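Overview (structure and organization)
Listed here are the chains, written in short residue letters.
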Amino acid sequence: QVHLVESGGGLVQAGGSLRLSCAASGNIFSINDMGWYRQAPGKQRELVAVISSDGSTNYADSVKGRFAISRDNAKNTVYLQMNSLKPEDTDVYYCQANGSSYYGDDYFYWGQGTQVTVSS
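The structure presented is a predicted model; accordingly, all values stated were derived computationally and were not measured.

Applying the stated rule across the entire model yields 1 disulfide. With a sulfur-sulfur separation of 2.1 Å, Cys22 is cross-linked through a disulfide to Cys95. What sets the handedness of the Cys22 and Cys95 disulfide is the S-S torsion sign, and at about -80° it is left-handed. Placement of Cys22 in strand β3 (residues 18-26) and of Cys95 in strand β9 (residues 91-100) is noted, with a sequence separation of 73 residues between them. Accessibility expressed as a relative area gives 0% for Cys95, which makes it buried.

Okay, here's the thing in structure tokens:
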């Protein structure tokens, strides 16, 4: 089993910044993609940003130029630096990771979610 522990959410004023972290632990042989998604009540979970094992990234159009995703492979940790935050960025943010376990099977896990609230 793989555990994803998120941290760094909170309340911030519009225009401010937050940095989210997500550390993966457990039966991890390798990690392919690590990403951040967000979900508002009653809405579908949507991609915010994802980073692959080779460092290539993909962002939602709504966050391009404001958010930056990075990862520390030695620590199995992914980060999301969020700048110039807007009230519409208010959501629960979920970390996601997929890869292979030491048993040779693939895994796909979600974190528990962390609340980000941006006040106007």
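With that settled, consider the environment of Asn27. In this structure, Asn27 sits in the loop between β3 and β4 (30-39). Given the relative accessible area of 14%, Asn27 is considered buried. Along the chain, Asn27 and Ser100 lie 73 residues apart, while their C-alpha atoms are 8.5 Å from each other. Once residues lying within four places of it in the same chain are set aside, the contact partners of Asn27 are Gln1, Val2, Ser100, Ser101, Tyr102, Tyr103 and Tyr107.

Side chains of Phe29, Tyr102 and Tyr103 sit close together on the surface and give an oily, nonpolar patch of about 480 Å² of accessible area. As for its position among the elements, Phe29 is in the loop between β3 and β4. Taking relative accessible area as the criterion, Phe29 reaches 58% and is therefore assigned exposed.

The relative placement of two aromatic rings is captured by the distance of their centres and the angle of their planes. Under the counting rule described, the total for this entry stands at 4 aromatic pairs. Here the aromatic rings of Phe29 and Tyr102 are separated by 5.7 Å at their centres, their planes lie at 75°, and the arrangement is edge-to-face. Pair noted here: Phe29 is in the loop between β3 and β4 and Tyr102 is in the loop between β9 and β10 (106-110), with a separation of 73 residues, a long-range link. Both residues of the pair, Phe29 and Tyr102, belong to the exposed class. An aromatic cluster of three or more residues is present, and its members are Tyr37, Phe108 and Trp110. Here the basic side chain of Arg19 rests over the ring of Tyr79, its NZ or CZ set 4.1 Å away from the ring centre.

Considering all chains together, one arrives at 5 salt bridges under this definition. For Lys64, the salt bridge goes to Asp61, with nearest N and O atoms at 3.1 Å. Across the pair Asp89 and Arg66 runs a salt bridge, and its minimum N-O distance is 2.8 Å. On the criterion of sequence distance, the pair formed by Asp89 in the loop between β8 (77-82) and β9 and Arg66 in the loop between β6 (57-59) and β7 (67-72) is long-range, its members being 23 residues apart. On the accessibility criterion, Arg66 (12% relative accessible area) is buried. Several salt bridges converge on common partners, so that one network encompasses Arg38, Glu46, Arg66, Asp89 and Asp91.

Scoring rules and cut-offs
- Residues numbered from 1 in each chain as written.
- Predicted model: local features only at pLDDT ≥ 70, side-chain atom pairs only at ≥ 80, totals over all residues.
- Heavy atoms only, no water.
- Disulfide = S-S within 2.5 Å.
- Helix = DSSP H or I, 4+ residues; strand = E, 2+ residues; numbered from the N terminus.
- Buried < 20%, exposed > 50% of the residue type's maximum accessible area, 1.4 Å probe, protein only.
- Contact = heavy atoms within 4.5 Å.
- Patch = residues over 30% accessible without salt bridge, like charges linked within 9 Å, V, L, I, M, F, W, Y side chains within 5 Å.
- Areas by Shrake-Rupley, 256 points an atom, 1.4 Å probe, with all protein chains shown as cover.
- Salt bridge = Lys/Arg side-chain N within 4 Å of Asp/Glu carboxyl O.
- Phe/Tyr/Trp six-rings, centres within 6.5 Å; stacked < 30°, edge-to-face > 60°.
- Lys NZ or Arg CZ within 6 Å of the ring centre and 35° of its normal.

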